[in-house]
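If you want the building blocks of each chain, they are given just below.
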Amino acid sequence: MGFPQNFLWGGATAANQCEGAYNVDGRGLSSVDTIPFGPDRMKVARGEMKMLECDCDHTYPAHEAIDMYHRYKEDIRLFGEMGFKCYRLSIAWTRILPEGDDDEPNEAGLAFYEDLFRECHKYGIEPLVTIDHFDTPVALIKKYGGWKSPKMIDAYLKYCRAIFTRYKDLVKYWITFNEINMLLHMSYMGAGIIFEPGEDKIQIKYQAAHHELLASAQAVKMAHEIIPGCMVGCMLAAGQFYPYTCAPEDIWDGLDKDRDNYFFIDVQARGAYPVWARKRMERAGVAIVMTEDDEKTLREGTVDFVAFSYYNSRCTSADPDILEKHARPGNAVFKSVVNPYLESSEWGWQIDPLGLRITMNTLYDRYQKPLFVVENGLGANDTIGEDGKIHDPYRIDFMRRHIKAMDDAITLDGIPVMGYTAWGCIDLVSASTGEMKKRYGMIYVDKDNEGRGSLERMKKDSFYWYKKVIATNGEDL
Ligand code: BG6
């Protein structure tokens, strides 16, 4: 059987990690523009350190990134050469509405993406657009405190109306929020939230989540009205928690940690809060402000497909000693213990292709909606060889094994999958570290962590390999 004939092979990026040109053509400042490179990055990203202006003591990777704003024609031509059927990208909210909720959209911003989508169609590439990929307008953070406030919902819907109306003939596939569960971990990066001293963080996070879920549901409905036949998805930072041992306490701990993540998608895909979530919130003293109308809104705005990123599985234990002794090294976003059965990347991300099949089966069993693998890849430190080329067999090996696991989920388990967009198909800024050195691309970009380099693009070995995979619809791995 193998991959369906209309399978959407491609790659994925996010505006803030590739466009640069952060203050060009009327674009307003966005949360990610103020997240610096270096030791303060995680504190700012988590909402534990306030940085709403850019200062001279820090550098900000999003400001130039890989300058795709000025080079998108060359980049899309290269995607076309690889045979992409789909390109997942995000729109920068503040290119369209610089203050986040302006009455009139910024024409230069609208025209930029219109042109970019037309360029994609020239090569037969279908755009898949993330409406909000770690991208909250700073003006709205100053005015409302980001997604802490329900006022964000109207602003987001104003932005949605502007882009759905303008791109209704150009974009069929949409995602409302990137990795919505990231709100719990990177609250500023994900939702423009900065915690004031003494604030109840859990209460704030779940209230903000409620606002995003309402916004997402209304956006789904609006998209269906403005663009008949379009498909709108939710998006999860996926990867199942494995129990460290078969002790029942460890099994429970894994299930409970998974629920932190599935919570969001349960609401977006099924249209209601799960019963256990209400009980859990009660126990944690969280009281969501929610009306009967809200429940109706959630019911009426369920998604058409479930998109997710998958980089690794996670591992947990109910035993605090094990948690401490085997903690994954580094500044991991998801607290996890090291799984002794798996190898790790240079950045300590564990490599688990079968985990992708496991995750896909769990998601499909749970939601019974088509899946879309919209991020997967290996962050590695590529170097230019003596022959002037970039040989990246480790990336090819990673992708081959993950694509094979996805093939098994389709062929052996019968799961409907819309497509696969490899993360960072062109090298871009890392979200967690702000580095350029952590490269995911099949296209190399000449730029280093310090911002030096010509920004010239070069094809890696993986470029030719992926081209062959797409040309044979996944037959020749
Ligand atoms: C996902 C994000 O969490 O993982 C991307 O949606 C991010 O924005 C990707 O870049 C890889 O993470 P990192 O930290 O290696 O860039």
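Details of the structure are given in the entry above.
Reading guide: rules and limits
- Residues numbered from 1 in each chain as written.
- Predicted model: local features only at pLDDT ≥ 70, side-chain atom pairs only at ≥ 80, totals over all residues.
- Heavy atoms only, no water.
- Helix = DSSP H or I, 4+ residues; strand = E, 2+ residues; numbered from the N terminus.
- Rg over C-alpha atoms; globule rule 2.2 N^0.38 Å.
- Contact = heavy atoms within 4.5 Å.
- Areas by Shrake-Rupley, 256 points an atom, 1.4 Å probe, with all protein chains shown as cover.
- Lys, Arg positive; Asp, Glu negative; His and termini not counted.
- Charge placed at Lys NZ, Arg CZ, Asp CG, Glu CD.
- Buried < 20%, exposed > 50% of the residue type's maximum accessible area, 1.4 Å probe, protein only.
- Pairing = 2+ DSSP bridges.
- Right-handed = clockwise from strand over helix to strand, strands pointing away.
- Expected span 1.5 Å × (residues − 1).
- Near = heavy atom within 4 Å.
- Polar contact = N/O pair within 3.5 Å; in protein donor to acceptor, adjacent residues only side chain to side chain.
- Nonpolar A, V, L, I, M, F, W, Y, C, P; charged D, E, K, R; others polar.
- Salt bridge = Lys/Arg side-chain N within 4 Å of Asp/Glu carboxyl O.

> Help me get a handle on the overall build of the protein chain, residues and values and all.
When helices and strands are tallied, the protein chain shows 16 helices and 12 strands. In summary, the protein chain has a C-alpha radius of gyration of 21 Å against a globular reference of 23 Å for 477 residues, a match within 12%. For the protein chain, the spread of C-alpha atoms along the principal axes amounts to about 60 × 55 × 50 Å. Within the protein chain, contacts between residues at least 6 apart in sequence are counted, and of these 77% link residues at least 24 apart. Accessible surface, the protein chain: about 18400 Å² in total, of which carbon and sulfur atoms supply 52%. Taking the average location of the 56 positive side-chain charges in the protein chain and that of its 72 negative ones, the two points are 2 Å from each other.

> Tell me what's going on with the pairing of strand S10 (residues 417-423), and back it up with residues and numbers.
Burial runs high along S10: seven of the seven residues are buried. Of the strand pairs in this sheet, strand S1 (residues 8-12) and S10 are connected by five bridges, and their pairing is parallel. Considered in S10, the bridge of Gly 11 is made with Ala 422. Taken together, strand S9 (residues 371-375), helix H15 (residues 393-411) and S10 form a β-α-β motif whose crossover is right-handed.

> Talk me through unusual backbone geometry; I want residue IDs and the actual numbers.
Positive phi outside glycine occurs at Phe 134, with the angle close to 50 degrees. Within the secondary structure, Phe 134 sits in the loop between strand S3 (126-132) and helix H6 (138-144). We note that Glu 179 has phi near 35 degrees; this positive angle belongs to a residue other than glycine. Examined against the element boundaries, Glu 179 turns out to sit in the loop between strand S4 (173-177) and helix H8 (187-191).

> Talk me through H15; I want residue IDs and the actual numbers.
A rise of 1.5 Å per residue sets the reference length of H15, with its 19 residues, at 27 Å; its end C-alpha atoms lie 26 Å apart and thus fit the reference within 8%. Along H15, the positions that sit buried rather than exposed are Arg 395, Ile 396, Phe 398, Met 399, His 402, Ile 403, Ala 405, Met 406, Asp 407, Asp 408, Ala 409 and Ile 410. Its buried side turned inward, H15 meets S1, strand S7 (305-310), helix H14 (353-367), S9, S10 and helix H16 (461-471).

> Would you mind going over helix H7 (residues 151-166) in detail, with residue names and values included?
For the α-helix, the turn length of 3.6 residues means that residues three or four positions removed from each other point alike. For H7, which comprises 16 residues, the first-to-last C-alpha distance of 24 Å matches the rise-based estimate of 22 Å (1.5 Å per residue) to within 8%. Among the residues making up H7, those that are buried are Met 152, Ile 153, Ala 155, Tyr 156, Leu 157, Tyr 159, Cys 160, Ala 162, Ile 163 and Phe 164. Among the structural elements, helix H4 (93-96), helix H5 (107-122), S3, H6, S4 and helix H9 (201-226) are those in contact with the buried residues of H7.

> How would you sum up the site of the ligand? Please name residues and give values.
Around the ligand, the surrounding shell holds 15 residues, and the nearest of these are Gln 17, Glu 179, Ser 432, Lys 438 and Tyr 440. Between the ligand and the protein, one listed contact pairs an oxygen atom with a backbone N or O atom of Ala 431 at 2.8 Å. In the complex, the protein chains occlude 96% of the 380 Å² of accessible area that the ligand would expose alone. Of the residues assigned to the shell around the ligand, the class counts are seven nonpolar, five polar and three charged.

> Explain the side chain of Gln 268 residue by residue, including any values.
Here Gln 268 lies in helix H10 (residues 248-270). Apart from residues lying up to four places away in sequence, Gln 268 is in contact with Thr 176, Ile 180, Leu 213, Ser 216, Cys 234, Gly 301, Thr 302 and Val 303.

> Tell me about the pattern of salt bridges, and name the residues and values.
Summed over all chains, the structure comprises 41 salt bridges. Between Asp 101 and Lys 143 there is a salt bridge; the shortest N-O distance is 2.9 Å. Placement of Asp 101 in the loop between H4 and H5 and of Lys 143 in helix H6 is noted, with a sequence separation of 42 residues between them. For Asp 266, the salt bridge identified is with Arg 366, shortest N-O distance 2.9 Å. One end of the pair, Asp 266, is in helix H10; the other, Arg 366, is in helix H14, with 100 residues separating them in the sequence. A network of salt bridges, in which partner residues are shared, links Asp 382, Asp 392, Arg 395, Asp 427, Arg 439 and Lys 460.

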